[in-house]
Amino acid sequence: GHPELCSRPCLYFAIGSCVNGESCEFCHMAHTKRPPHLDKRHREMLRSMSPWEWAAVVLPILQRKIDALDDSLETQAMLFDIASSCG
């Protein structure tokens, strides 16, 4: 069953240039985009930050995500508690 049991998506099919056709070992069906991940340089930068610097970067992003997805008072209170403990 797609997408749970299929192989990785064919990068060439996605741009319309897979020459392997049905013998291609990769999936030619639509796949959802993978979420973005931090690269090594950004992960190292976050690791080197103090908790307060890290909070200054991450908390505004969390606030935007919460506003968009879950605006409940409980979630807002939780974020406020986290922000308060970071200074």
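Up top is the structure.
A brief look at the structure comes next. Please read these numbers as outputs of a predicted model, since none were measured by experiment.

### A short note on the overall build of the protein
1) Next: A tally of regular secondary structure across the protein gives 4 helices and 0 strands.
2) Next: At 20 Å, the protein has a C-alpha radius of gyration far larger than the 12 Å of a compact globule built from 87 residues.
3) Next: Along the first, second and third principal axes, the C-alpha set of the protein runs to 60 × 35 × 20 Å.
4) Next: Among the 87 residues that make up the protein, the fraction classed as buried is 11%.
5) Next: A fraction of 24% describes how many contacts in the protein between residues 6 or more apart in sequence connect residues 24 or more apart.
6) Next: Accessible area of the protein: about 7700 Å², with a carbon and sulfur share of 62%.
7) Next: Treating the 9 positive side-chain charges of the protein as one cloud and the 11 negative ones as another, the clouds have centres 11 Å apart.

### What about the side chain of Thr75?
1) Next: Within the secondary structure, Thr75 sits in helix α4 (residues 73–85).
2) Next: Setting aside chain neighbours within four positions, we find Thr75 in contact with Ile66 and Asp70.

### So, the state of the cysteines
1) Next: Here the structure, examined in full by the defined rule, presents 0 disulfides.
2) Next: Lacking any disulfide linkage, Cys10 is separated from the closest cysteine sulfur, that of Cys18, by 3.8 Å.

### Considerations on the pattern of salt bridges
1) Next: Under the criterion given, the structure shown has 1 salt bridge.
2) Next: In this structure, the salt-bridge partner of Arg47 is Glu44, at a minimum N-O distance of 2.9 Å. Placement of both Arg47 and Glu44 in helix α2 (residues 40–48) is noted, with a separation of 3 residues, approximately one turn of the helix.
3) Next: We classify Arg47 as exposed; its relative accessible area is 57%.
4) Next: Judged by its relative accessible area of 42%, Glu44 is partly exposed.

Procedures and definitions
- All residue numbers refer to positions counted from 1 along the written sequence of the respective chain.
- In keeping with the predicted nature of the model, local features appear solely for residues at pLDDT of at least 70, side-chain atom pairs appear and are counted solely at 80 or more, and the whole-chain, interface and lining totals rest on all residues.
- Just so you know, side-chain values use all the structure's heavy atoms and leave hydrogens and water out.
- For the purposes of this entry, the term helix denotes a DSSP run of H or I that reaches at least four residues, the term strand denotes a run of E that reaches at least two, and both are numbered from the N terminus.
- Our radius of gyration is a C-alpha quantity, and the globule rule it is checked against amounts to 2.2 Å times the number of residues to the power 0.38.
- Exposure classes here rest on a 1.4 Å probe applied to the protein chains alone. A residue is buried below 20% of its type maximum, exposed above 50%, and partly exposed in between.
- Should any heavy atoms of two residues lie within 4.5 Å, those residues are counted as being in contact.
- Under the convention used here, a 1.4 Å probe and the Shrake-Rupley method define accessible areas, while residue burial counts only the protein chains that appear.
- Charged-residue counts in this description rest on Lys and Arg as positive and Asp and Glu as negative, His and the chain ends being excluded.
- Charge positions are represented by NZ for Lys, CZ for Arg, CG for Asp and CD for Glu.
- For this text, the term disulfide refers to a pair of cysteine sulfurs within 2.5 Å.
- Each reported salt bridge corresponds to a side-chain nitrogen of Lys or Arg within 4 Å of a carboxyl oxygen of Asp or Glu.

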